[in-house]
Amino acid sequence: MTVSLLTELEQVELDSRARRLATEAEADRRLSAATAAAEEIAAAGEHQVEAALGTLRERYRELADAQIAAAEAELAQIDREAGQDQDAGPAFEAAVDAIVAAVLGEAEV
């Protein structure tokens, strides 16, 4: 009877170890699957953020280009109007000369 009881206890212990190993293997599998899913979600999030930032950069670039074009058009219009106004030529050149001299430190005080 003792042998039979020892054999039965050993079998119960072996079965318990087998269940524990199977449970640990299943836990490892689930952990690996969850880790892979989390990494995929994180990667997708990074790609979404990069795409959104790229779109914003492009919009700001387009806005800046439009503002630059508007400023250049305005300056061209001012240049055309200044070219048509011949009476202000010498006075304007004298004013420019005075400003340049002041900036360069050549102005007489």
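Look up: the structure comes first, before these words.
How each quantity is defined
- Residues numbered from 1 in each chain as written.
- Predicted model: local features only at pLDDT ≥ 70, side-chain atom pairs only at ≥ 80, totals over all residues.
- Heavy atoms only, no water.
- Helix = DSSP H or I, 4+ residues; strand = E, 2+ residues; numbered from the N terminus.
- Buried < 20%, exposed > 50% of the residue type's maximum accessible area, 1.4 Å probe, protein only.
- Areas by Shrake-Rupley, 256 points an atom, 1.4 Å probe, with all protein chains shown as cover.
- Salt bridge = Lys/Arg side-chain N within 4 Å of Asp/Glu carboxyl O.
- Patch = residues over 30% accessible without salt bridge, like charges linked within 9 Å, V, L, I, M, F, W, Y side chains within 5 Å.

> Quick rundown of the overall build of the chain? Include the residues and the values.
When helices and strands are tallied, the chain shows two helices and zero strands. Expressed as a percentage of its 109 residues, the buried residues of the chain come to 1%. By element, 61% of the accessible surface of the chain is carried by carbon and sulfur atoms, the whole surface being about 9700 Å².

> Pulling in residues and values, what's your account of the pattern of salt bridges?
Evaluation of the coordinates by the stated rule reveals four salt bridges. Bridged by salt links that share partners, the residues E26, R29 and R30 form one connected network.

> Provide a residue-level description of a nonpolar patch on the surface, including the pertinent values.
A contiguous nonpolar patch, built from F92, V96, I99, V100, V103 and L104 and spanning about 610 Å² of accessible area, is present on the exposed surface. Structurally, the position occupied by V96 is in helix 2 (residues 89-104). Relative accessible area serves as the criterion here: at 34%, V96 is assigned to the partly exposed category.

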